[in-house]
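# Structure assessment
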Amino acid sequence: MTAPIRVLLVDDHALLRAGFRTILDTQPDITVVGEASTGAEAVAQAAALHPDVITMDVQMPDIDGIEATRRLVADPTVSAAIAIVTTFDRDDYLYQALEAGASGFLLKNAGAEDLISAVRALAAGDGMLAPEVTRRVLTRFAGTTPETGAAPARAVAEAPTARVLAEPLTEREAEVLTLLADARSNAEIARALFIGEATVKTHVSRILQKLGARDRVQAVVLAHRMGLA
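### Brief notes about the overall build of the protein chain
Looking only at helices and strands, one finds eleven helices and six strands in the protein chain. In the protein chain, which comprises 229 residues, the share counted as buried stands at 46%. Put simply, of all contacts in the protein chain between residues at least 6 apart along the chain, 63% involve residues at least 24 apart. In the structure as shown, the protein chain presents an accessible area of about 10,700 Å², 54% of it carried by carbon and sulfur atoms.

The following block contains the structure:
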């Protein structure tokens, strides 16, 4: 049997942590292995407990969630994916979290299923953004309005990548990246390109390697910054 996803809950409100624990512990494939109420505790707990996923509050005593995320991502002994969870629907938190290396961003008013789905997505190596903020992320880093759509796959493939990539993207990888930038899941990408999900996963893995990205969210951000999408 596959080992359950190990989750560390970080928030300075005990009641919220208890609520998250109740939701997550009902799932047979998820287990909450620890809790922390400050950023410093989060850093220590992550090193001790080796979670797969960390849900991280932003405003906390001592160091905040953004700085704690930055330290955890920089620690080679910590491999957990981090989801920023906050009541504050603020663009500055969102962008700082992604810059720090967070793999997901959720609002605390998200439903139980959204929380569960986010934990599973991050554990699987997928980035996750709340739907209401995905559009803002792409707009910010693309420098265009989302309504214009993603760049054509061929234009992505032919972008001047030699300066930023050791190995250019293939045209198929560019097609996959374009769909990633449109917040598509592996299943949706597979249907759009008429290929299997396993093939999509292989392409995504290669894209992450070439971009030097930690996960899908960072791949999309980097791609927009490099002018690849």
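Okay, back to it.
### Notes on the nonpolar core
Inside soluble globular proteins, nonpolar side chains tend to come together where they are buried. Counting 28 residues, the largest nonpolar core has V10, I54, M56, L72, I84 and F105 as its most contacted members. At the level of secondary structure, the elements contributing two or more residues to this core comprise β1 (5–10), α2 (39–49), β3 (53–56), α3 (65–74), β4 (81–86), α4 (91–100), β5 (104–107) and α11 (216–226). Top contributing element to this core by residue count: α4, with six residues. Within the second largest apolar cluster, 19 residues are counted, among which are I5, V7, V32 and A81.

### Overview of the confidence of the model for the protein chain
Per-chain confidence: the protein chain averages 81 in pLDDT, with 80% of residues scoring 70 or above. Segment residues 144–163 is flagged for pLDDT under 50; beyond a separation of four residues in sequence, or across chains, it makes 25 contacts in the model.

### Overview of the environment of E167
Considering the arrangement of structural elements, one finds E167 in the loop between α7 (153–157) and α8 (171–180). Placed 42 residues apart in sequence, E167 and Q209 show a C-alpha to C-alpha distance of 9.6 Å. Contacts of E167, omitting those with residues within four sequence positions, involve R206 and K210. Of note is the side chain of E167, whose polar atom sits 3.1 Å from the side chain of R206.

### Side note on α11
Burial analysis of α11 places eight of its eleven residues in the buried class, which makes it a mostly covered element. Those residues of α11 that fall on the buried side of the exposure criterion are R216, V217, Q218, A219, V220, V221, A223 and H224.

### Overview of α3
Within the span of α3, buried status applies to G65, I66, A68, T69 and L72. The buried residues of α3 all sit within an arc of 160° when viewed along its axis, so they share a single face. Between the side-chain oxygen at the start of α3 and the backbone nitrogen of I66 there is a gap of 3.2 Å, and the oxygen is on D64.

### Concerning the side chain of N186
Along the chain, N186 falls in helix α9 (residues 186–193). Apart from residues no more than four positions distant in its own chain, N186 is found in contact with E197, V200, K201, V204 and R216.

### Remarks on the pairing of strand β2 (residues 30–36)
Two strands pair when backbone bridges link them, and β1 and β2 are joined in this way by six bridges, in the parallel orientation. Its bridge partner lying in β2, I5 is registered against I30. Read as a crossover between parallel neighbours, the route from β1 over helix α1 (residues 14–25) to β2 is right-handed.

### A closer look at unusual backbone geometry
Although it is not a glycine, H50 sits at a positive phi angle of roughly 50°. Mapped onto the fold, H50 is located in the loop between α2 and β3. What makes H50 partly exposed here is its relative accessible area of 49%.

### Focus: the environment of K201
Within the secondary structure layout, K201 lies in helix α10 (residues 197–211). On a C-alpha basis, the gap between K201 and V176 in space is 9.8 Å, while along the polypeptide they are 25 residues apart.

Rules behind the numbers
- Residues numbered from 1 in each chain as written.
- Predicted model: local features only at pLDDT ≥ 70, side-chain atom pairs only at ≥ 80, totals over all residues.
- Heavy atoms only, no water.
- Helix = DSSP H or I, 4+ residues; strand = E, 2+ residues; numbered from the N terminus.
- Buried < 20%, exposed > 50% of the residue type's maximum accessible area, 1.4 Å probe, protein only.
- Contact = heavy atoms within 4.5 Å.
- Areas by Shrake-Rupley, 256 points an atom, 1.4 Å probe, with all protein chains shown as cover.
- Core = buried A, V, L, I, M, F, W, Y, C linked by side-chain atoms within 4.5 Å.
- pLDDT = per-residue confidence, 0-100.
- Polar contact = N/O pair within 3.5 Å; in protein donor to acceptor, adjacent residues only side chain to side chain.
- Arc of directions from axis to C-beta.
- Pairing = 2+ DSSP bridges.
- Right-handed = clockwise from strand over helix to strand, strands pointing away.

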